[in-house]
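# Working through the structure, step by step
Each chain is listed here by its residues.
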Amino acid sequence: MKPLRVALLGCGVVGSQVIRLMHEQSADLAARVGAPLELAGVAVRRLSRKRDIEVDPALLTTDAESLVTRDEVDIVIEVIGGIEPARSLIVAALSRGKSVITANKALLAEDGGTLHEAARAGNGDLYFEASVAGAIPLLRPLRESLAGDRVRRVLGIVNGTTNYILDKMDSTGASFLDALEEAQTLGYAEADPTADVEGFDAAAKAAILAGLAFHSRVPAEQVHREGITDITATDVASAKAMGYVIKLLAICARSDDGRTFGVRVHPAMIPRTHPLAGVREAYNAVFVEAESAGQLMFYGKGAGGAPTASAVLGDLVAVGRNRLAGTRGPEESTYAHLTVHPMGDTVTRLHVALDVADKPGVLARVAELFAKHDVSIQTVRQEGQGDDAQLVIVTHRASDAALTATMDELRALDIVRSVAGLMRVEGDD
């Protein structure tokens, strides 16, 4: 049977593994697809660069646009990342009726609508399983398996770098900078780790997850984002002493009335009994809660060349089958048109440690301020004496706006010397 011709954009960590798997599993892939898969070309920035895998020099090109628009190319795999030229190349391929597989979470979060519209206009597939959580089959269950259900919430760890850092801080007592340096040495963190540690990577993935879960487009700028750079060894140790662990979480939750939803990424304390607390090192794990299916958990390697390439190859088989059958996979589903509510309307809980003056009436004044903003206190304990006096408070759930207003006024009280610790709490209600 005539082979399906595949153009590959990028031959880095992921691209080289895609080539390896296509070569090593060529017979199995052909049997699963129904036709051989043949590499038509590989677009790279520099022809002379040393690569992790040997590639036929005749396949290499620096002219990516010419490669994706060749008549004989059926499928394009994009693993170069970034916004441009990836967006232009994907649109060019889709507009010519080719199918595209991408791992580009940043582009999908920023301008996924343009890609989906190009796929619809060109009558091609757009698959992107590898864009979130690496090898973990997560997007297809949301996109297809749960299409007959109503998803209420998606909660999880979707960035391996930050999970590795926080895990090392928890298990060894390391500082943030020491744990980051170790992550960089092992290749888990980039030389410039900003996208990971400031939450940009997780926020892009949260936007994709929310869009699939709630059948609505989610602009990346509407995702509330906080990173982990301000978390100290003291914060981690304090959480540990109370039976909690700190994780960077992506949380997508439908409102009680079902008309809006929140999308947020921030560090949070979760009980050590929670399944997510046991997710170690650079692994990812995501909970999906649906009305009929209940709670589902997806766990596995969330990054790396081979795991991500595995997800790419899964999409390649699906897309190849569709092309042979003359069909397309599911289109973007945005029929619900739900809106993202602001972080201030999000209901959450707070753990706060206050360095306070050691004198009578302090607890009463602090409690009065919480009551003023309708924030109920779940637990409170007083620790230390004199200059070491501290109040540790855990609230019941309240709007983030009310919690923020409470904290702003607390900082202005003459009896509060400083806020020693401030962290949201998830997963124990």
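Computed from a predicted structure; not experimentally measured.

When helices and strands are counted, the chain shows 14 helices and 18 strands. In summary, the chain has a C-alpha radius of gyration of 24 Å against a globular reference of 22 Å for 429 residues, a match within 12%. Each of the three principal axes of the chain carries a C-alpha extent, and together these read 85 × 45 × 35 Å. When burial is assessed residue by residue, the chain has 54% of its 429 residues classed as buried. With an accessible surface of roughly 18,800 Å², the chain has 48% of that area assigned to carbon and sulfur atoms. Between the mean site of the 44 positive side-chain charges and the mean site of the 57 negative ones, the chain shows a separation of 4 Å.

It is worth spelling out the side chain of Gln17 at this point. By the secondary structure assignment, Gln17 is in helix α1 (residues 13-24). A distance of 2.7 Å separates a polar atom in the side chain of Gln17 from a polar atom in the side chain of Arg20. Gln17 has contacts with Gly305, Ala306 and Ala309, leaving out every residue within four places of it along the chain.

In this section: the layout of surface pockets. The computed volume of the second largest pocket comes to approximately 600 Å³. Contributing to the lining of the second largest pocket are 26 residues, with Arg153, Ala253, Arg254, Asp256 and Arg397 lying nearest its centre. Residue assignment for the lining of the second largest pocket shows that the elements contributing at least two residues are β7 (151-157), β9 (244-254), β10 (260-271) and β11 (283-290).

Now for the packing of aromatic side chains. Taken as a whole and judged by the stated rule, the model has 3 aromatic pairs. Ring geometry for Tyr164 and Tyr188: centres 4.8 Å apart, planes at 45°, overall tilted. On the criterion of sequence distance, the pair formed by Tyr164 in helix α7 (residues 160-172) and Tyr188 in the loop between α8 (176-185) and α9 (194-197) is long-range, its members being 24 residues apart. Its relative accessible area of 2% is what places Tyr164 among the buried residues. The class for Tyr188 is partly exposed, based on a relative accessible area of 35%. Between the aromatic rings of Phe214 and Phe261, the centroid separation amounts to 4.8 Å while the plane-to-plane angle is 35°, which identifies the pairing as tilted. On the criterion of sequence distance, the pair formed by Phe214 in helix α10 (residues 200-214) and Phe261 in strand β10 is long-range, its members being 47 residues apart. Note on Phe214: relative accessible area 1%, which makes it buried. Classification of Phe261 by relative accessible area gives buried; the value is 0%. The ring of Tyr127 has Arg143 lying over it, and the distance from NZ or CZ to the ring centre is 5.3 Å.

It is worth spelling out helix α11 (residues 233-241) at this point. Along α11, the positions that sit buried rather than exposed are Asp235, Val236 and Ala239. Down the axis of α11, the smallest arc covering the buried residues is 95°, so these residues share one side. In α11, the exposed residues that point more than 90 degrees away from the buried face are Thr234 and Ala241. Buried residues along α11 sit in contact with α7, β9, β10 and β18 (416-425). Gly243 occupies a position one or two residues after α11 and carries a positive phi of about 85°.

In the segment running from Glu84 into Pro85, the intervening peptide bond is cis, with an omega of 10°. The topology assignment puts Pro85 in the loop between β4 (75-78) and α4 (86-95). Even without being glycine, His215 reaches a positive phi, approximately 50°. Its location among the elements puts His215 in the loop between α10 and β8 (224-225). Overall, His215 belongs to the buried group, its relative accessible area being 14%.

This paragraph deals with the sheet that holds strand β2 (residues 37-43). Pairing in this open sheet of 6 strands is parallel, and the strands run β3-β2-β1-β4-β5-β6 from one edge to the other. Sheet topology places β3 (60-61) and β6 (126-127) at the edges, where each strand pairs with a single neighbour. In this sheet, strand β5 (residues 99-102) lies alongside β4 in parallel orientation, the contact comprising 4 bridges. Looking at β5, one finds that Val76 is bridged to Val100.

This part covers the packing of α7 against α8. Their axes nearest at 9 Å, the elements α7 and α8 cross at an angle of 125°. One way to sum up the angle between α7 and α8 is to call them oblique. Classified by chirality, the crossing of α8 by α7 is right-handed. In contact with Tyr164, Ile165, Lys168 and Met169 of α7, α8 contributes Phe176, Ala179, Leu180, Glu182 and Ala183.

About the criteria used
- Within every chain, residues take consecutive numbers counted from 1 along the sequence as written.
- Side-chain atom pairs in this predicted model are given and counted only at pLDDT of 80 or more, local residue features only at pLDDT of at least 70, and totals for whole chains, interfaces and linings cover all residues.
- Note: side-chain values were computed over all heavy atoms of the structure, leaving out hydrogens and water.
- Counting from the N terminus, the helices are DSSP H or I runs at least four residues long and the strands are E runs at least two residues long.
- Radius of gyration: C-alpha atoms only; globule rule: 2.2 Å multiplied by the number of residues to the exponent 0.38.
- Three exposure classes are used, based on accessible area relative to the maximum for each residue type with a 1.4 Å probe and protein chains only: buried under 20%, partly exposed in between, and exposed over 50%.
- Exposure was quantified through the Shrake-Rupley algorithm and a 1.4 Å probe, taking into account, for residues, occlusion by the shown protein chains and nothing else.
- Asp and Glu count as negative and Lys and Arg as positive, but His and the ends of the chain are not part of the count.
- In this description, the location of a charge corresponds to atom NZ of lysine, CZ of arginine, CG of aspartate or CD of glutamate.
- Within 3.5 Å is the distance limit for a polar contact, defined as a pair of N or O atoms, with the added protein rule that one can donate a hydrogen and the other accept it, and that residues adjacent in sequence qualify only through two side-chain atoms.
- Two residues form a contact once any of their heavy atoms are found within 4.5 Å.
- With a 1 Å grid laid over protein atoms only, a set of points is called a cavity when a 1.4 Å probe fits there but cannot get out and a pocket when it is open yet has protein on both sides within 12 Å along at least five of seven lines; lining residues have an atom within 4 Å of a point.
- Grid points are joined across faces, edges and corners, and a volume is the space filled by probe spheres set on the points.
- Here a pair means two rings of Phe, Tyr or Trp (six-membered ring of Trp) with centres within 6.5 Å. Their orientation is stacked below 30 degrees between planes, edge-to-face above 60, and tilted elsewhere.
- A positively charged side chain is recorded as over a ring if its NZ (Lys) or CZ (Arg) lies within 6 Å of the ring centre. The angle to the ring normal must also be within 35 degrees.
- Taken from the helix axis, the directions to the C-beta atoms give the arc we talk about.
- Think of it this way: DSSP has to see at least two bridges between two strands before they count as a pair.
- Every angle, taken between N-to-C directions, lies between 0 and 180 degrees, and every axis is a line fitted to C-alpha atoms, over only the stretch in contact when it is a helix.
- Throughout this description, any angle smaller than 35 degrees is read as roughly parallel, any larger than 145 degrees as roughly antiparallel, any in the 65 to 115 degree range as roughly perpendicular, and the remainder as oblique.
- Handedness of a helix crossing follows the sense of rotation of the near helix relative to the far helix, less than a right angle counterclockwise being left-handed and clockwise being right-handed.

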